[in-house]
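Here's the letter readout for the chains.
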Amino acid sequence: MDYTIDTNNYTLIISTNEDLSKTKDNYYHIKTNQKQYTIGNLPSGTKFYWQIIDEENNFKSPILSFTTSYKPEIEITYPVKNTETENYAIGIPIDAKITWISTDTDNDDLTYNIKLKNISENPDINIKNIDFSTDLLVDEITENNFYNVQLKKKQYYAIQISANDGKGNISKSNVIKFRTNSDPVKPYNLYPNNEINVPTDIATLTWESYDIDDNKLTYNIYFGDSQDNLSFKKNVNNNYYILHNLDYGKIYYWQVEAIDSNNATAISNTATFMTNKKPLFKDIFPDNNTKNIDLKPELKWNFEDPDDEISYYNLYFSKNSENLSLIATLTENSYKFNYYLLPQTTYKWKIVVYDSKNASATGGINYFTTTSAPKIELETPKGNNESLKPVFSWNSTDTDNDELKYILNLVLPDKTIIKTTNSTSLVYDDFLLPDTEYSWSVLVKDSSLATTISATQTFKTTHQPTITLIYPISEKKLEATVTLKWNATDQDNDDLYYKIYLDNTEIATTLNSNYTLENLTANKTYVWKVMAIDSNLATSISSEATFTTDSAPYNYPDITNIYDYYDPSKEYTFNENKYPNKMKIQWSNSLKATYYNVYKEKDGIETPIATNIMENYTTINIPEGGIYNVYVKAFNNKGFYIKGNSISLNINTPLFY
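Residues numbered from 1 in each chain as written. Predicted model: local features only at pLDDT ≥ 70, side-chain atom pairs only at ≥ 80, totals over all residues. Heavy atoms only, no water.

Novice: Hey, could you go over the side chain of Asn536 for me, with residue numbers and the actual values?
Specialist: Position of Asn536 among the secondary structure elements: in the loop between strand E46 (525–534) and strand E47 (539–541). Judged by relative accessible area, which is 14%, Asn536 ranks as buried. For Asn536, the side chain forms a polar contact with the main-chain oxygen of Asn385, separated by 3.0 Å. (Helix = DSSP H or I, 4+ residues; strand = E, 2+ residues; numbered from the N terminus. Buried < 20%, exposed > 50% of the residue type's maximum accessible area, 1.4 Å probe, protein only. Polar contact = N/O pair within 3.5 Å; in protein donor to acceptor, adjacent residues only side chain to side chain.)

Novice: Outline the pattern of salt bridges, listing residues and values.
Specialist: Under the criterion given, the structure shown has 14 salt bridges. When the shortest N-O distance is used, the salt bridge between Lys250 and Asp225 registers 3.1 Å. Of this pair, Lys250 sits in the loop between strand E20 (240–244) and strand E21 (251–260) while Asp225 sits in the loop between strand E18 (217–224) and strand E19 (231–236), placing them 25 residues apart in sequence. By relative accessible area, which is 27% here, Lys250 ends up partly exposed. For Lys250, the salt bridge is made with Asp247, and the minimal N-O distance between the two is 3.4 Å. On the basis of relative accessible area, Asp247 is assigned to the partly exposed category, the value being 40%. Beyond isolated ion pairs, a larger network of salt bridges with shared partners links Asp225, Asp247 and Lys250. (Salt bridge = Lys/Arg side-chain N within 4 Å of Asp/Glu carboxyl O.)

Novice: Got a sec to walk through the sheet that holds strand E6 (residues 73–78)? Specific residues and values, please.
Specialist: The strand order across the open sheet built from three strands is E6-E8-E11, with neighbouring strands paired in antiparallel fashion. Both edges of this open sheet fall to E6 and strand E11 (146–148), since each of them pairs with a single strand only. Averaged over all pairs of adjacent strands, the angle between their axes in this sheet comes to 20°, without regard to strand direction. With three bridges connecting them, strand E8 (residues 97–103) and E11 associate as antiparallel partners. Its bridge partner lying in E11, Thr99 is registered against Phe146. (Pairing = 2+ DSSP bridges. Axes fitted to C-alpha atoms, helices over the stretch in contact; angles between N-to-C directions.)

Novice: Hey, could you go over the environment of Thr380 for me, with residue numbers and the actual values?
Specialist: Residue placement: Thr380 occurs in the loop between strand E32 (375–378) and strand E33 (391–397). Along the backbone, Thr380 and Trp349 are 31 residues apart, and their C-alpha atoms lie at a distance of 44 Å. Not counting residues up to four positions away in its chain, the partners in contact with Thr380 are Val391, Phe392, Ser393, Trp440 and Gln457. Side-chain polar atoms of Thr380 contact the backbone oxygen of Val391, separated by 3.5 Å. Here the side chain of Thr380 touches Ser393 through a polar contact of 2.7 Å, side chain to side chain. (Contact = heavy atoms within 4.5 Å.)

Novice: How would you summarise the packing of aromatic side chains if you had to cite specific residues and measurements?
Specialist: Centre distance and the angle of the planes are the two values used to describe a pair of aromatic rings. The tally for this structure, following the rule as stated, stands at 35 aromatic pairs. Summarising the aromatic geometry, the rings of Phe317 and Phe337 are spaced 4.9 Å apart at their centres and angled 55° between planes, so their arrangement reads as tilted. Placement of the pair is Phe317 in strand E27 (residues 310–319) and Phe337 in the loop between strand E29 (334–336) and strand E30 (346–355), with a sequence separation of 20 residues. Take Phe317 and Phe337: they sit in the same class, and that class is buried. Ring geometry for Phe317 versus Tyr347: centroids 5.2 Å apart, planes at 15°, classification stacked. With Phe317 in strand E27 and Tyr347 in strand E30, this pair connects stretches of sequence that are 30 residues apart. Summarising the burial analysis for this pair, Phe317 and Tyr347 share the class buried. Clustering of aromatic rings is evident, with ring pairs tying together Phe392, Trp394, Tyr406, Tyr428, Tyr438, Trp440 and Phe459. Over the ring of Tyr599 we find Lys633, and its NZ or CZ is 4.7 Å from the ring centre. When the ring centre of Tyr631 is taken as origin, the NZ or CZ atom of Lys643, which lies over that ring, is 4.1 Å away. (Phe/Tyr/Trp six-rings, centres within 6.5 Å; stacked < 30°, edge-to-face > 60°. Lys NZ or Arg CZ within 6 Å of the ring centre and 35° of its normal.)

Novice: Could you give an account of the side chain of Ser396, with specific residues and numbers?
Specialist: When you line up the elements, Ser396 lands in strand E33. A distance of 2.7 Å separates a polar side-chain atom of Ser396 from the backbone oxygen of Lys375. Residues within four places of Ser396 in sequence aside, it is in contact with Lys375, Ile376, Leu404, Tyr406 and Val444.

Novice: Lay out the nonpolar core with the relevant residues and their values.
Specialist: In terms of nonpolar packing, the biggest core is built from 23 residues, with Leu484, Trp486, Tyr498, Trp528, Val530 and Phe547 touching the most fellow members. When contributions to this core are tallied by element, the ones reaching two or more residues are strand E40 (466–471), strand E42 (482–489), strand E43 (496–502), E46 and strand E48 (545–549). With 21 residues, the next largest nonpolar core counts Tyr572, Tyr579, Ile620 and Val630 among its residues. (Core = buried A, V, L, I, M, F, W, Y, C linked by side-chain atoms within 4.5 Å.)

Novice: Tell me about the pairing of strand E1 (residues 10–15), residues and numbers included.
Specialist: Here E1 lies mainly inside the structure; six of its six residues are buried. Neither face of E1 is open: one carries Tyr10, Leu12 and Ile14, the other Thr11, Ile13 and Ser15, and all of them are buried. Here five bridges tie E1 to strand E2 (residues 28–32), and the two strands are oriented antiparallel to one another. Considered in E2, the bridge of Ile13 is made with His29. In the sheet, E1 pairs with strand E3 (residues 47–54) via six bridges, with the strands oriented antiparallel. Paired with Leu12 across the strands is Ile52, a residue of E3.

In short, geometric facts, not functional conclusions.
Listed below in structure tokens is the structure:
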């Protein structure tokens, strides 16, 4: 401080109070005989008030003020710890560039003192107590905000930087502890190593490594088929690398070099592996260039894998004139087509086998030709006046001599009939409609599944015959025997035959236009009709007609008496143990009877033993003897009869008959 006055006895007062009152700190009351006075260690950035008193002349100067300069501020920006969990910076490169930032309120030019030293790796050391007065590696002054330094790997250091504004203000940064970069951990757990059967198409190399400084790592991959001549493949960020298209059954070698962000490196030991051997082709079916192959063939193949680890097959297929395309991926060594190939066509196919390591092999491109299609020509029916149950026939040939089967398609007015046969003819088992046009075709299929469908052929069925009943029509009191008569025509001139129905029951067939009924029941009305059937099975049925028969005699001709033939006076009862072979019987008269017949019956067989008897008695002879039922029938002139009661007679059996 400097103040001019002509005296040698002064008092200097300095205070942070404007009235120069005394304060606890920063108050000065100084006696001096000089005209200037130097005060050091004033606090920075503080405003002071001061005054000089001339003690001899009792004179006081004006109160003046001044402000001390501000201290600079400084902060080290590199190295610094990376995260809140770290106690100090790690992984610092050995050629580190130390940087800092500083400020000075007064804009004074600053100089910096860098102090750096090795310290212990003891984690419990208090960095605030580090002594920077001795054993310094660096003690340099610079005006820059950076300082390049060469350090050693994996060493612990402490650094402090002081900023000086040249006005006595010196600020020190915080002490920074850091550890220089370490090499990455040598890659380990390399895979595959000493492995065999490694896939050739995709082989994935993997390993493990890390950096104790938590620096990011990249990896150089070295690879080759000679341990002494590995080639650089690629630098990767991951701990794996994928190789493609390696050779089968070959030994390879590889290494990994880990590189951290400070270019520190560590290289692994050499690993080795052998790729798998590819499967071996054995045989195929059908053999190459085979002909007459089914239209739905089954392809088969066989491969052997040295490691018995076949995984799947890819089947490629096409016509010979087209490019092969993948049609199936299979785990079985066969493929059955579920659709039909074209006949008489050459196809090509290739099978590619893959094992569990994706090694592949093929049996090459093979060819086969499908079977020829059979030929077919329809024969009958093909014209007019065809049968209602026609016989369909055709002619078919196959150049490969395959076994043939046929499917008949017959188009009806309301549906299509399908029939299957192994023969070249087929009888239709139902009736077609008469006077109707039909169409039909035949599909022929050979044993190799080749098919041909014939041209469609048409035919027309025969006309129906016509029939008219003639006699009897509503006649009454007819005899027991009646001859039915009718008239029938056929415009196709087909031969006719007839079915006769009596009371809705078919009773006979005939080629004639008449039919005689016998043993009709008396006093009964009958309903009759006739069906005409031509030789082509067309039919026509007549309208119905009726007739009524006359009555039978009245009163049953029951047997009333039995007399001995040789002694007519001797009469037998109906309860005799034995009866003679020859005897006379008598029965009741029947009204309107014209004659009588006597019958014997045994085991359901009726035999007449006396006929056309005009009286109500007669002699009967049963020479063979045995037990018989005997009875009488009374007939009138219309042929109707009434049957009397049946008696059981045990007739004497001769010794020699």
